[in-house]
Amino acid sequence: MKIKMPRGTSDIIFEKAAKKQYIERLAIDLFEQFGYRPIVTPTFEHTELFQRGIGESTDIVRKEMYTFEDKGGRSLTLRPEGTAPVVRAYLEHGLASKSLPAKLYYCGQMFRYERPQAGRYREFWQLGIEVLGSQDALVDVEVILLLIRFLEKIGLKDLELHLNSMGCLVCRKSFGEALRKYLKDKMELLCIDCKKRVNSNPLRVFDCKNKKCQTIMKKAPLISDFWCESCRGHFETVKSILDDVGISYILNPALVRGFDYYTKTTFEVRTPYLGAQNALGGGGRYDGLVEELGGSPTPAIGWAIGTERVIMATEELNINLPLSSNTDVFVATIDGAREEGFKVLNFLRETGVSADMDYGNRSLKGQMKLANKLRASYVIILGPDELKKGICLIRNMNTGDQSEMQTSKISRWAKGEFKSGKVDFNG
Ligand SMILES: [Zn+2]
Ligand SMILES: [Zn+2]
């Protein structure tokens, strides 16, 4: 019996792998340009980190975590999200004593035991950023801008920025009470999950996908009526800076995030073209989390986006990512010129050109086919006749032109031809 990959996982190969890499490189370049630095945290953490950092009442902690006991009897959990581990690392390595804010980005796998569906996996990839140690409203806008720039660079258009403020712990408390009061006499109409949420975390009823619950929430009290002066002021500043930099937004008072630690600015970027699954990525402030995890009160903000989600959006919207060909030059050989061809191949690679050759004993015709498949820009052909004369043939695969060249001049030719980086015939 053949062993197959576990349900909810995926092998990322062929074009999807190229797309993933393209998206990650683009994101990382942009993160670096905005002054963010990389952080890599472990794939598993102590279970308690997520119980405290995400909240016991959330679906993630209640139902979706990959929790296991290791051979030493510790309860460990494959990370279901990236923020709690970053905050843990921030505290563990005393980043607060370095220059603040700490601006960090990550790229890695997350794990959630969910019902697998299109574009949703149990092991999935996320890109994300976190800024710790600043309550400046400019940071809120920078973080939002970074998400929008990233999606625009991918080629996604007409993005909608949905914006809300979750208030702080003070205003959230009175809002929670008002919400509980509103929901108390509608208990019968709520789904089983929401019945429990009314007491544990009534804000999460906003997240419920159940139609009946959604209808009830349409008339629910709004957080905006409970903002304290400080939260209202912060939100006004964020909005006016967004206006200044020309980013339009949709005020969405129902945008309430499922995590306990979110405060103040919360946002989501959507595309109008993907129907129900139109959310691409989102995030917000979590000024309460560092303290929750044992640090001193520290304002923080961040976002995360699913890489597979972005790939799926580009496919559904027919966006062609400029995946450049991997091979600049393919070296083809005939009758006993293979070793000489291998030397040429290595010359080329030393000059920084991406080059390849056949290792499958193909005929010249087969090698040309392979060169086509690899989308090589040039093929260098070497046979016994050419070897005797100290030359090789160079074929431009784009135009079909073929010419002779002295083998000793290949390096110089390659340097000249590819000096401005990769030749991109797809763009
Ligand atoms: Zn407040
Ligand atoms: Zn519900």
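Up top is the structure.
This one's a predicted model, so the numbers in the text were calculated from it and none came from an experiment.

Engineer: What's the story with the coordination of the zinc ion (ligand 2) in this structure? I'm lost.
Structural biologist: Think of it this way: four donors in a tetrahedron around the metal ideally sit 109.5 degrees apart, and six in an octahedron ideally sit 90 or 180 degrees apart. Within the protein, Cys191 (SG), Cys194 (SG), Cys208 (SG) and Cys213 (SG) serve as the donor atoms for the zinc ion (ligand 2), at 2.2 to 2.3 Å. Angles of 107 to 113° at the metal separate the 4 donor atoms of the zinc ion (ligand 2), which places the site in the tetrahedral class. Here the donor residues of the zinc ion (ligand 2) are spaced in sequence according to C-x2-C-x13-C-x4-C.

Engineer: I keep staring at the coordination of the zinc ion (ligand 1) and nothing clicks. Help me out?
Structural biologist: With distances of 2.2 to 2.3 Å, the protein atoms coordinating the zinc ion (ligand 1) are Cys168 (SG), Cys171 (SG), Cys228 (SG) and Cys231 (SG). Note that the zinc ion (ligand 1) binds 4 donor atoms; their angles at the metal cover 103 to 121°, and the shape is tetrahedral. All donors of the zinc ion (ligand 1) belong to a single chain; written as a sequence motif, their spacing is C-x2-C-x56-C-x2-C. With a gap of 60 residues between them, Cys168 in the loop between strand S7 (160–165) and helix H6 (169–184) and Cys228 in the loop between helix H8 (211–218) and helix H9 (229–244) connect regions that are remote in the sequence. Residue Cys168 is classed as buried on the basis of its relative accessible area, which comes to 17%. Given a relative accessible area of 22%, Cys228 falls into the partly exposed group.

Engineer: What's the story with the environment of Gly155 in this structure? I'm lost.
Structural biologist: By the secondary structure assignment, Gly155 is in the loop between helix H5 (137–154) and S7. With relative accessibility at 23%, the residue Gly155 sits in the partly exposed group. As for Gly155 and Thr314, which are separated by 159 residues in sequence, their C-alpha atoms are 7.8 Å apart.

Engineer: What is the right way to look at the environment of Cys231 in this model?
Structural biologist: With respect to the helices, strands and loops of the structure, Cys231 is situated in helix H9. Owing to a relative accessible area of 1%, Cys231 belongs among the buried residues under this scheme. The spacing of Cys231 and Lys264 is 33 residues in sequence and 6.4 Å in space, taken between C-alpha atoms. What Cys231 contacts, discounting residues up to four positions off in sequence, is Gly167, Cys168, Cys171 and Lys264.

Cut-offs used in this document
Residues numbered from 1 in each chain as written. Chains lettered and ligands numbered in written order. Predicted model: local features only at pLDDT ≥ 70, side-chain atom pairs only at ≥ 80, totals over all residues. Heavy atoms only, no water. Donors = N, O, S within 2.8 Å, 3.2 Å for Na, K, Ca; no water. Tetrahedral: all angles 85-135°; square planar, octahedral: opposite > 155°, others 65-115°. Helix = DSSP H or I, 4+ residues; strand = E, 2+ residues; numbered from the N terminus. Buried < 20%, exposed > 50% of the residue type's maximum accessible area, 1.4 Å probe, protein only. Contact = heavy atoms within 4.5 Å.

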